[in-house]
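Here is how the chains run, residue by residue.
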Amino acid sequence: MSSKAGPRAEGTDGSDWKHREKVRLVKETKHVATQYVVSVKYKNAIKRTLIYHGMLGLGLTLSALVSGLNTLHCWQVLWLAAFPTCAIGFRGIVKNQSAYLRLYRLCLVACSIPAGSWGVLATLGLVEHYELYKVAGLPKPQYFFMPASNYVIYFLGFTTMLSHLFSLACISKLTNAWDVTSRSRKNKGE
């Protein structure tokens, strides 16, 4: 593509530059396709929550590998079942495919939210912790790789739950913004 004053492409007289699409700032335009603005906004937010979910999952996996799988609680195992879906969520963000994000949302609702709720309630003492070694018949672990303070667990549990709930809200808004066909049907009155 050449500038107005520069050399022209062959086969054109140079006047076609007036008909090209121009990119304007959002502040300058009155009518902006909102799905693009929403997409950029929520894709960045979901990326941050996916990174946080991935870091926590990696940390829990490493602690389970260091101290043994029998040191985990049952809610931690359920939460780790949703950890690989971070890759599915990232794929949905990178490829702009809402099917992957819907699958990630399903895993959040089916595994992460119930496991996180159970973990927070068990840490607060409102429900019982079920150790995996007792349920699965494994030998009792020698030591547990846990933080010394419960405040660290409270903080991680609370921020994890907020992160998952925020992810669910962002995914629903993002998939609605990407679903142009249903929006055009609403506008036509079908």
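Our subject is the structure listed above.
Everything in this summary refers to the structure shown in the same document. (Residues numbered from 1 in each chain as written. Predicted model: local features only at pLDDT ≥ 70, side-chain atom pairs only at ≥ 80, totals over all residues. Heavy atoms only, no water.)

**Some points on unusual backbone geometry**
Stage number 1. Its identity as a non-glycine residue notwithstanding, asparagine 96 has a phi of 55 degrees, on the positive side.
Stage number 2. Mapped onto the secondary structure, asparagine 96 falls in the loop between helix H3 (85-95) and helix H4 (98-124). (Helix = DSSP H or I, 4+ residues; strand = E, 2+ residues; numbered from the N terminus.)

**Description of the environment of leucine 101**
Stage number 1. Topologically, leucine 101 is positioned in helix H4.
Stage number 2. Sequence-wise, leucine 101 and isoleucine 88 are 13 residues apart; in three dimensions their C-alpha atoms are separated by 7.3 Å.
Stage number 3. Other than its neighbours up to four places away in sequence, leucine 101 contacts Gly89, Gly92, Ile93, Ile171, Leu174, Thr175 and Trp178. (Contact = heavy atoms within 4.5 Å.)

**Side note on a nonpolar patch on the surface**
Stage number 1. There is a patch of nonpolar side chains on the surface, built from Leu121, Leu124, Leu126, Val127, Tyr151 and Tyr154 and spanning about 600 Å² of accessible area.
Stage number 2. Counting only elements with at least two residues in the nonpolar patch, the list comes to H4 and helix H6 (150-178).
Stage number 3. Mapping tyrosine 151 onto the fold places it in helix H6. (Patch = residues over 30% accessible without salt bridge, like charges linked within 9 Å, V, L, I, M, F, W, Y side chains within 5 Å. Areas by Shrake-Rupley, 256 points an atom, 1.4 Å probe, with all protein chains shown as cover. Salt bridge = Lys/Arg side-chain N within 4 Å of Asp/Glu carboxyl O.)

**Description of the side chain of threonine 175**
Stage number 1. Considering the arrangement of structural elements, one finds threonine 175 in helix H6.
Stage number 2. Taking relative accessible area as the criterion, threonine 175 reaches 4% and is therefore assigned buried.
Stage number 3. There is a polar contact of 3.2 Å between the side chain of threonine 175 and the backbone oxygen of serine 172.
Stage number 4. Excluding its chain neighbours within four sequence positions, the residues that come into contact with threonine 175 are Ser98, Leu101, Arg102 and Arg105. (Buried < 20%, exposed > 50% of the residue type's maximum accessible area, 1.4 Å probe, protein only. Polar contact = N/O pair within 3.5 Å; in protein donor to acceptor, adjacent residues only side chain to side chain.)

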